[in-house]
Amino acid sequence: KVRFYRNRSFIDEEKITLTRRPWVAVIDHDTGDRKGNIDLIEQLCSSAENEGMDCLAVFAAWGKSSTLALKSIKSLTKQAPLAGVISLQDFVIGGGEGRVETIQVLKQLNVPILKGIRLIDRTRQQWTLSEDGLPWNSVHYRVAMPEIQGVSQSLVLATAAKAWMHEKTGLRLSITEPLPNQVERMIRRVSGWHNLRSKNNSDKKVAVIYYNHPPGRHNIGADNLDVPASLWNILNLMNAEGYSTGSLPKNSIAPLDIIQEKGVKLPAQ
């Protein structure tokens, strides 16, 4: 019910040997090795290799088998640093019975868990030209339910290929095909998160966006919330964690004067 796939072939778990490089884990349903589906796995791992990372795919049956798959991924983190996990599973990993345990394992992994989507009901052209991206009745199980477990930053990685009719049975058949640009985007995102985690806080650059609408010097707020005080608290917490914030005002009132002088969008004259 749990199979491991690396370097274009299946491998027993006890024979998996990772290098010291960061690596990406891809968790998929047990149908991930079907024609079309496997192409996405191959492209993800190929892109990971191009980014200097190792790659391991795990195919797991629905339910607790998927939780076991995550536990295997966790055990392999002893060999090399895990950069992130890409989940191609819809709904929640582990199903209803394993959902809570899965969340605990994901917390222990402590890496970004990103959601990849196979869009089986739209072709590349249909997806590109659509106004909604995903059919509205699929958002709950493709995006919302995974987010319950912290599986986020969804990207469409594959779309439906052109369907054909099977001559002997009359069945209408279709497979999925990867979107190379989206695949590379996903891997760059995993690599970016790993690089960010590897940096000292003092070397990180952070942008803080606050509310100033309609434009003007005296509209720094959101529903009467004390935005300057919140910013002052945030910056002090970041300073305590080693971020380079520069010199900070001595109290939470002073930031308002600074914002009104330097950090507002003035209305067009």
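Keep in mind the model is a prediction, meaning the values are calculated, not measured. (Residues numbered from 1 in each chain as written. Predicted model: local features only at pLDDT ≥ 70, side-chain atom pairs only at ≥ 80, totals over all residues. Heavy atoms only, no water.)

Undergrad: Give me the nonpolar core: which residues, what numbers.
TA: In this structure, Val26, Ile41, Leu44, Ile86 and Leu88 are the most contacted members of the largest nonpolar core, which totals 24 residues. Elements with a contribution of two residues or more to this core: β3 (23-29), α1 (37-50), β4 (54-60), β5 (82-87), β7 (152-160) and α6 (180-198). Considering every element that reaches this core, the biggest residue donor is α1, with 6 residues. Discounting residues that sit within four places of it in the chain, Ile86 has contacts with Val24, Ala25, Val26, Ile27, Leu44, Leu114, Gly116, Met186, Ile187 and Val190. Listed in part, the 23 residues of the second largest apolar core include Phe4, Val58, Ala80 and Val105. (Core = buried A, V, L, I, M, F, W, Y, C linked by side-chain atoms within 4.5 Å. Buried < 20%, exposed > 50% of the residue type's maximum accessible area, 1.4 Å probe, protein only. Helix = DSSP H or I, 4+ residues; strand = E, 2+ residues; numbered from the N terminus. Contact = heavy atoms within 4.5 Å.)

Undergrad: Before we move on, can you summarise the packing of α1 against α6 with the specific residues and values?
TA: For the pair α1 and α6, interaxial distance at closest approach is 9 Å and the crossing angle is 50°. As summarised for this structure, α1 and α6 are arranged oblique, according to the angle between their axes. Considering the relative orientation of α1 and α6, their crossing is right-handed. Residues Leu40, Gln43, Leu44, Ser47 and Ala48 of α1 touch α6, and the partners they reach there are Pro180, Val183, Glu184, Met186 and Ile187. In terms of residue class, the contact of α1 with α6 is built from 7 nonpolar, 2 polar and 1 charged. (Axes fitted to C-alpha atoms, helices over the stretch in contact; angles between N-to-C directions. Parallel < 35°, antiparallel > 145°, perpendicular 65-115°, else oblique. Left-handed = near helix turned anticlockwise from the far one by under 90°. Nonpolar A, V, L, I, M, F, W, Y, C, P; charged D, E, K, R; others polar.)

Undergrad: Got a sec to walk through the pattern of salt bridges? Specific residues and values, please.
TA: Where charged atoms from two side chains of opposite charge approach closely, those side chains can pair. In total, this model carries 10 salt bridges according to the counting rule given. Asp54 is paired through a salt bridge with Arg6; the nearest N and O atoms lie 3.8 Å apart. With Asp54 in strand β4 and Arg6 in strand β1 (residues 2-6), this pair connects stretches of sequence that are 48 residues apart. Lys71 is paired through a salt bridge with Glu101; the nearest N and O atoms lie 2.4 Å apart. Taken together, the residues span a long stretch of sequence, with Lys71 in helix α2 (residues 64-76) and Glu101 in helix α3 (residues 95-109) at a distance of 30 residues. A relative accessible area of 37% means that Lys71 is categorised as partly exposed. Among the charged side chains, a network of salt bridges with common partners joins Arg6, Arg21, Glu49 and Asp54. (Salt bridge = Lys/Arg side-chain N within 4 Å of Asp/Glu carboxyl O.)

Undergrad: Explain the packing of α2 against α3 to me, and be specific about the residues and the numbers.
TA: Viewed as axis vectors pointing N to C, α2 and α3 meet at an angle of 15°, and their least axial separation amounts to 9 Å. Comparing the axis directions of α2 and α3 gives the class roughly parallel. The chirality of how α2 crosses α3 is left-handed. Every residue of α3 that contacts α2 at Lys64, Thr67, Leu70, Lys71, Ile73 and Lys74 is listed here: Glu97, Gly98, Glu101, Thr102, Val105, Leu106, Gln108 and Leu109.

Undergrad: If you had to explain the sheet that holds strand β6 (residues 113-123) to someone new, which residues and values would you point to?
TA: Pairing in this open sheet of 8 strands is mixed, and the strands run β2-β1-β4-β3-β5-β6-β7-β10 from one edge to the other. Both outer strands of the open sheet, β2 (9-11) and β10 (176-178), are each paired with one neighbouring strand and no more. The average angle at which neighbouring strand axes cross in this sheet is 35°, direction not considered. Sitting on the sheet, α1 touches β1, β3, β4, β5, β6, β7 and β10, and the angle it makes with β4 is about 155°. (Pairing = 2+ DSSP bridges.)

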